[in-house]
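Structure at a glance
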Amino acid sequence: MPRFLLLPLVFVLVSASGAGQDPAPRGQFWDRVRFGGGIGLGITNGGFNGSIAPSAIYGFNDQFAAGASLSFNYAEYRDNTLLAYGGSVLALYSPLPFLQLSGEFEQLRINRDIATTVGILKDNYWTPALFLGIGYTNRHVTLGIRYDLLYHTDKSIYANAWMPFVRVYF
């Protein structure tokens, strides 16, 4: 297993084992699963960006939850295109009813076509992100900010390491 996967995996396992609760009895598993995610749409002068990221989390108790997410992003700007797809694992901890701390490991496949004076440059690669976040939550919606510890200026599809977020789960 690659080393960069160990930290988020340990975080999820420690969160789950630290919950101090017995696993949900059979038949109650789906009662503890919440679905949600995000949808994004951006239209600018000469550009378009659309994204969708369905997600599911399992609530171990009122404080701990962990889950996974899929991600798909498509962007066009003039003659340049970007397609990013992948997934992530995340762990959520709420030490207070209104506060949510999060850790998320994301792995994306990036396919970029960049228009140059001599033609189209194709750039395809995998890029990781490790986010630590904090947010205000009301159980179904969380507003916050997160920081990418693995941010790389040339490889990330994000503008910078700091990003606001909105999480919605039902």
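Structure's up top.
Residues numbered from 1 in each chain as written. Predicted model: local features only at pLDDT ≥ 70, side-chain atom pairs only at ≥ 80, totals over all residues. Heavy atoms only, no water.

Here we take up the packing of aromatic side chains. Under the definition given, this model contains 6 aromatic pairs. A network of ring pairs unites the aromatic residues Phe29, Trp30, Tyr58 and Phe60 as a single cluster. Cation over ring: Arg146 sits above Phe131, and NZ or CZ is 3.7 Å from the ring centre. Stacked on the ring of Phe165, the Lys or Arg Arg167 has its end atom at 4.2 Å from the ring centre. (Phe/Tyr/Trp six-rings, centres within 6.5 Å; stacked < 30°, edge-to-face > 60°. Lys NZ or Arg CZ within 6 Å of the ring centre and 35° of its normal.)

Within the structure shown, the criterion is met by 3 salt bridges. A salt bridge links Glu104 to Arg146, with the nearest nitrogen and oxygen atoms 2.9 Å apart. Of this pair, Glu104 sits in strand β5 (residues 99–116) while Arg146 is found in strand β7 (residues 141–148), placing the two residues 42 residues apart along the sequence. Each of the two residues, Glu104 as well as Arg146, counts as buried. Its salt-bridge partner being Lys122, residue Asp113 comes within 3.3 Å of it at the nearest N-O pair. According to the relative accessible area criterion, Asp113 is partly exposed, its value standing at 24%. (Salt bridge = Lys/Arg side-chain N within 4 Å of Asp/Glu carboxyl O. Helix = DSSP H or I, 4+ residues; strand = E, 2+ residues; numbered from the N terminus. Buried < 20%, exposed > 50% of the residue type's maximum accessible area, 1.4 Å probe, protein only.)

The next point concerns the pairing of β7. On β7, burial follows the alternation: Thr142, Gly144, Arg146 and Asp148 on one face are buried, whereas Val141, Leu143, Ile145 and Tyr147 on the facing-out side are not. With 7 bridges connecting them, strand β6 (residues 119–137) and β7 associate as antiparallel partners. Among the inter-strand pairings, Gly133 is bridged to a residue of β7, identified as Arg146. Two elements, β7 and strand β8 (residues 162–169), share 7 bridges in a ladder whose sense is antiparallel. (Pairing = 2+ DSSP bridges.)

Moving on to the sheet that holds strand β4 (residues 80–96). Sheet architecture is closed into a barrel: 8 strands sit in the order β1-β2-β3-β4-β5-β6-β7-β8, paired in antiparallel fashion. Between one strand axis and the next, the sheet turns through 25 degrees on average, direction left out of account. Of the strand pairs in this sheet, strand β1 (residues 33–44) and β8 are connected by 2 bridges, and their pairing is antiparallel. When the bridges of β8 are listed, Gly36 appears paired with Tyr169. (Axes fitted to C-alpha atoms, helices over the stretch in contact; angles between N-to-C directions.)

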